[in-house]
Structures are given as C-alpha cells and as structure tokens.
Amino acid sequence: MPKLYTWAEAISFCGTMIDRGWVTVAERQGCVLGFLARDGAEVCALYLAPGACGQGAGKALLDAAKAAAPRLILRTFAANTRAQKFYRREGFAETGRGGGADNEEGLPDIAYEWRAIREAAA
C-alpha cells in the first residue's frame, strides 16, 4: 500500500475516531490485539496487530459491531485476499468493485455488506 500520511497524521486520525466514539479495542492480558472503527453502518477500519491474525480478535470485533448495528458496510482492497475470505466467512456479501478512483490509495477495492437476519414473528 502506498504511504499517504505521516505517522503523526495517522495517530491524529486515530485520535479523532476515538474522540467520536467509533473505536472498539480487542485486548488480551493487557495487550492490544486490534481495533475496529465504526461510524453507524460503515466499518471504517479493522486492524489487527502483527501476529494477532487467527486468534479470534477480528471475529470478536466484528461480532460486537454486528450486535450494535443491523447492517454493516465496508471496503477492502482487491489484493487483500485474506480479508476477503474473512468477511465472506463472517456473512458479508460482495456488493461492488471499484478500480481505485474512489479511494485515496488509488487501488482496486471491493465493497461488502452484512445484514442481520430477522427472525420471523411467532
């Protein structure tokens, strides 16, 4: 991925997301494993620390977001096949593809959506 921002700019943006109440953090034994930032239905960011993949932190963060919203949308880069598999496994369906004109990185991406299954009224 191209480097678009300085470290200070990235930290500042994370602070903005935290201040807005968008961020949920996954931790184990005092160590941060990752975070998810959500603005309404939009999952703006889901990042895991190096070595945290495959330990359930991403699923736990996504499950918490699903519990808080009946619908979630997100985008991931087309080159990130691991994320694509994860989102499909978690019930997200592809809703579109972009060539990179609509993201800052200029990279092809894929849009996904998840909707809660509503149980039929008894």
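Just so it is clear, the model here is predicted, and its values are computed rather than measured. Along every chain, residues carry numbers that run from 1 in the direction the sequence is written. A pLDDT threshold of at least 70 governs which residues receive local features in this predicted model, and a stricter bar of 80 or more applies before side-chain atom pairs are shown or counted, although totals over entire chains, interfaces and linings include all residues. Derived side-chain values reflect all non-hydrogen atoms in the structure, with water molecules and hydrogen atoms excluded from consideration.

Things to note about the overall build of the protein chain
The numbering of helices and of strands both runs from the N terminus, where a helix is a DSSP run of H or I of at least 4 residues and a strand a run of E of at least 2. Helices and strands together make up the secondary structure of the protein chain, namely three helices and six strands. Radius of gyration: C-alpha atoms only; globule rule: 2.2 Å multiplied by the number of residues to the exponent 0.38. Relative to a compact globule of 122 residues, whose C-alpha radius of gyration would be 14 Å, the protein chain shows 15 Å and is just as compact. For the protein chain, the C-alpha atoms occupy an extent of roughly 55 × 40 × 30 Å along the three principal directions. Every one of the 122 residues in the protein chain was classed for burial, and the buried ones make up 30%. For the protein chain, the share of sequence-separated contacts (at least 6 apart) that also reach a separation of at least 24 residues comes to 48%. Entry remark: accessible area of the protein chain is about 8100 Å², with carbon and sulfur atoms responsible for 54%. We call a residue buried when its accessible area falls under 20% of the maximum for its residue type, exposed when it is over 50%, and partly exposed in between, using a 1.4 Å probe and counting protein chains only. We call two residues contacting when some pair of their heavy atoms lies within 4.5 Å. Only the protein chains shown count as covering a residue, and every accessible area follows the Shrake-Rupley method with a 1.4 Å probe.

What to know about the confidence of the model for the protein chain
Across the protein chain, pLDDT averages 90, with 95% of residues at or above 70. One number per residue, pLDDT, summarises how confident the predictor is, and it ranges from 0 to 100. Of all helices and strands in the protein chain, the one with the weakest mean pLDDT is helix H1 (residues 7–19) (85), whereas strand E6 (residues 109–115) scores best (97).

A short note on H1
Take the number of residues in a helix, subtract one, and multiply by 1.5 Å to get its expected span. For H1, spanning 13 residues, the distance from its first C-alpha to its last is 18 Å, which sits close to the expected 18 Å at 1.5 Å a residue. Gly21, located one to two residues past H1, shows a positive phi value of around 80°.

Brief notes about unusual backbone geometry
We note that Gln29 has phi near 50°; this positive angle belongs to a residue other than glycine. Following the sequence through the fold, Gln29 ends up in the loop between strand E1 (23–28) and strand E2 (31–39). Classification of Gln29 by relative accessible area gives exposed; the value is 80%.

Some remarks on the environment of Glu105
By secondary structure assignment, the location of Glu105 is in the loop between strand E5 (93–98) and E6. Taking relative accessible area as the criterion, Glu105 reaches 23% and is therefore assigned partly exposed. As a C-alpha pair, Glu105 and Leu4 span 101 residues in sequence and 7.4 Å in three-dimensional space.

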